[in-house]
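# A closer look at the structure
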Amino acid sequence: MASKAAQALEKAIRALGGTWDTQRAATALRDVGLGEGDQRQQEKRARQALRDLAEARVIVKTDLDSATYRLAEQ
């Protein structure tokens with residue numbers, strides 16, 4: 001089962017579309033009340049949620065050299 005952060009982030013990505021990086025993901029998680037901790041902890045949570053969604057093939061990397069993702073083609 002996906003984490004609460006991954007589930008919330010998936011909803012945001014599906015609703016808003018576009019490209020997603022750590023900063024945008026952290027902001028989206030803060031907006032839904034999952035912004036506990038300092039900035040480092042928030043970014044770590046966001047990166048993990050992005051990795052979880054990529055592993056589940058919900059999102060795909062847009063650039064192999066950066067942690068930037070977009071919604072996978074359905």
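Predicted, not measured: the structure shown is a model, and the values here were computed from it. (Residues numbered from 1 in each chain as written. Predicted model: local features only at pLDDT ≥ 70, side-chain atom pairs only at ≥ 80, totals over all residues. Heavy atoms only, no water.)

## Here's the deal with the sheet that holds strand β3 (residues 69-71)
Ordered by their spatial adjacency, 3 strands build an open sheet running β1-β3-β2, and the pairing between neighbours is antiparallel. In the strand order of this sheet, the two ends are held by β1 (19-20) and β2 (59-61), each with one partner. Pairing of β2 with β3, which is carried by 3 bridges, proceeds in the antiparallel orientation. Bridge pairing in β3 links Ile59 to Leu71. (Pairing = 2+ DSSP bridges. Helix = DSSP H or I, 4+ residues; strand = E, 2+ residues; numbered from the N terminus.)

## Side note on helix α2 (residues 22-31)
Those residues of α2 that fall on the buried side of the exposure criterion are Thr22, Ala25, Ala26, Ala28 and Leu29. On an axial view of α2, the arc spanned by its buried residues comes to 160 degrees, and they lie on one face. Where α2 is buried, its residues meet α1 (4-16), β1 and α3 (39-55). Positive backbone phi, at 90 degrees, marks Gly33, one or two positions downstream of α2. (Buried < 20%, exposed > 50% of the residue type's maximum accessible area, 1.4 Å probe, protein only. Arc of directions from axis to C-beta. Contact = heavy atoms within 4.5 Å.)

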